[in-house]
Amino acid sequence: MGCVLEFGLLWLEQHRRLKYFCFLMIRRPPRSTQSRSSAASDVYKRQPMDFINEITIIFYRSFFIGVLNNYYDKYINSFNKIVAIERTIRNVVIKDVPLKGKLDKLEFDGKSVNVVDYKTGDPDKAIPKTKGPSDKEPNGGHYWRQAVFYKILVDNYEQKDWKVVSTEFDFIEPDKKKNYRKEKVVIGPADITTVTQQITSTWEKIQNREFYTGCGKPECYWCNFVKENKLQKARYEHEEQEE
């Protein structure tokens, strides 16, 4: 199995097991270190990972059990237990654009919602992605757009009278100083307008088959795929006429 595919499977597996770990934190009161270790271990006993080689499994389990143990110690006494875990929201339509999404966790205070999205990896490298539009990033960071999208999705979910007050990115791995980080994004009307425009613009391009044309290099797999399938017919025809 290729390294990229194996990494992707591990990432999906980690998110799935993190969901179960959240259930354990909701159900269990604060416990001793020994019980805490069993909570993380329980996550990895539930289902085998036959699709990944044994060496990778050993590393994966030892690394992430350590991560989850430390996360458990940090937050077990403050973990919000009025939540929905991995909630799928669909059948939302904004300006004729169909939207759906799966949210890691929703924390409730009445009908007010704090959306929590779990992130792995280095928080220091990820924090800039939570920032809004700037001269350097006119469309805003990837995580910022994700945060605004979640508010648009939940606020317009007609089956529930929920209102998102914030989106929070919860990094389950500490930074270089061993501090755990949560980055909260509070979303205003201007943010919603900006991301709604991005959504409708992207949807129009998809409908018109106006996909990103790539780098144009002859050896590029994506560019050749686009050209062979005529996804950017006008551009390539124009280039060929000039030649």
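In this report, we go over the structure that sits alongside the text. Predicted, not measured: the structure shown is a model, and the values here were computed from it.

### What to know about the overall build of the protein chain
Line of reasoning, step 1. Along the protein chain, the regular secondary structure elements total eight helices and five strands.
Line of reasoning, step 2. In the protein chain, the succession of α and β elements from N to C terminus is α-α-α-β-β-β-α-α-β-β-α-α-α.
Line of reasoning, step 3. Surface summary for the protein chain: the accessible area is close to 14,800 Å², and the carbon and sulfur share equals 51%.

### Here we look at the pattern of salt bridges
Pairing between side chains of opposite charge can happen when the charged atoms of each approach one another.
Line of reasoning, step 1. Enumeration over the complete set of coordinates arrives at nine salt bridges.
Line of reasoning, step 2. The shortest N-O distance in the salt bridge between Asp 124 and Arg 181 comes to 3.0 Å. Of this pair, Asp 124 sits in helix α4 (residues 123-126) while Arg 181 sits in the loop between β4 (163-171) and β5 (182-185), placing them 57 residues apart in sequence.
Line of reasoning, step 3. Here Lys 184 makes a salt bridge to Glu 168, at a shortest N to O gap of 3.9 Å. Here Lys 184 is found in strand β5, whereas its partner Glu 168 is found in strand β4, with 16 residues between them in sequence.
Line of reasoning, step 4. Under the relative-accessibility criterion, Glu 168 is labelled buried at 10%.
Line of reasoning, step 5. Put simply, Asp 124, Asp 175 and Arg 181 are held in one network by salt bridges that share partners.

### Focus: unusual backbone geometry
Line of reasoning, step 1. Backbone geometry at Lys 95 places phi at a positive 50°, although glycine is not the residue there.
Line of reasoning, step 2. Along the polypeptide, Lys 95 turns up in the loop between β1 (83-94) and β2 (97-109).

### Considerations on the sheet that holds β5
Within a sheet, neighbouring strands are paired by backbone hydrogen bonds and run either parallel or antiparallel to one another.
Line of reasoning, step 1. With respect to topology, five strands assemble into an open sheet ordered β1-β2-β3-β4-β5, the strand pairing being mixed. Every interior strand has two partners, whereas the edge strands, β1 and β5, have only one. The sheet shows a mean angle of 40° between the axes of neighbouring strands, taken without regard to direction.
Line of reasoning, step 2. Relative to β2, helix α5 (residues 142-155) is tilted by about 90°, and along the sheet it contacts β1, β2, β3 (112-119), β4 and β5.
Line of reasoning, step 3. Contacting β1 and β2, helix α6 (residues 189-207) runs over the sheet at an angle of about 145° to β2.

### Some remarks on α5
Line of reasoning, step 1. Its 14 residues give α5 an end-to-end C-alpha distance of 20 Å, which sits within 8% of 20 Å, the value for a rise of 1.5 Å per residue.
Line of reasoning, step 2. Taking burial as the measure, the 14 residues of α5 include 12 buried ones, the bulk of the element.

### Side note on α6
Line of reasoning, step 1. Spanning 19 residues, α6 covers 27 Å between terminal C-alpha atoms, matching the ideal 27 Å at 1.5 Å per step.
Line of reasoning, step 2. Taken together, the buried positions of α6 are Val 195, Thr 196, Gln 198, Ile 199 and Thr 200.
Line of reasoning, step 3. Looking at the buried side of α6, the elements it contacts are β1, β2 and α5.
Line of reasoning, step 4. Taken from the residues just after α6, Arg 209 is the one with a positive phi, measuring 60°.

### Brief notes about the side chain of Thr 196
Line of reasoning, step 1. The residue Thr 196 is located in helix α6 in this model.
Line of reasoning, step 2. Beyond its immediate chain neighbours, meaning those up to four positions away, Thr 196 contacts Ile 94, Lys 95 and Ile 152.

### A short note on the packing of aromatic side chains
Line of reasoning, step 1. All chains considered together, the criterion is met by eight aromatic pairs.
Line of reasoning, step 2. With centroids separated by 5.3 Å and ring planes inclined at 25°, the aromatic side chains of Tyr 143 and Phe 169 adopt a geometry described as stacked. With Tyr 143 in helix α5 and Phe 169 in strand β4, this residue pair connects regions lying 26 residues apart in the sequence. Both residues of the pair, Tyr 143 and Phe 169, belong to the buried class.
Line of reasoning, step 3. Over the face of the ring belonging to Tyr 143 we find Lys 119, whose NZ or CZ atom lies 4.1 Å from the ring centre.
Line of reasoning, step 4. Sitting over the ring of Tyr 75, Lys 182 keeps its end group 4.1 Å from the ring centre.

### Topic: the nonpolar core
Nonpolar side chains tend to gather and get buried jointly when the protein is soluble and globular.
Line of reasoning, step 1. Among the nonpolar cores identified, the biggest contains 31 residues, and Leu 99, Leu 103 and Leu 106 are the most heavily contacted of them.
Line of reasoning, step 2. Only β1, β2, β3, α5, β4 and α6 provide two or more residues apiece to this core.
Line of reasoning, step 3. By size, the runner-up hydrophobic cluster in this structure holds eight residues, among which are Val 67, Tyr 71, Val 116 and Tyr 118.

### Notes on the pairing of β5
Line of reasoning, step 1. Across the two faces of β5 the burial differs, with Glu 183 and Val 185 buried and Lys 182 and Lys 184 not buried at all.
Line of reasoning, step 2. Note that β4 and β5 share four bridges and pair antiparallel. Bridging from a neighbouring strand, Asp 170 pairs with Lys 182 of β5.

Each value, and the rule that gives it
- Residues numbered from 1 in each chain as written.
- Predicted model: local features only at pLDDT ≥ 70, side-chain atom pairs only at ≥ 80, totals over all residues.
- Heavy atoms only, no water.
- Helix = DSSP H or I, 4+ residues; strand = E, 2+ residues; numbered from the N terminus.
- Areas by Shrake-Rupley, 256 points an atom, 1.4 Å probe, with all protein chains shown as cover.
- Salt bridge = Lys/Arg side-chain N within 4 Å of Asp/Glu carboxyl O.
- Buried < 20%, exposed > 50% of the residue type's maximum accessible area, 1.4 Å probe, protein only.
- Pairing = 2+ DSSP bridges.
- Axes fitted to C-alpha atoms, helices over the stretch in contact; angles between N-to-C directions.
- Contact = heavy atoms within 4.5 Å.
- Expected span 1.5 Å × (residues − 1).
- Phe/Tyr/Trp six-rings, centres within 6.5 Å; stacked < 30°, edge-to-face > 60°.
- Lys NZ or Arg CZ within 6 Å of the ring centre and 35° of its normal.
- Core = buried A, V, L, I, M, F, W, Y, C linked by side-chain atoms within 4.5 Å.

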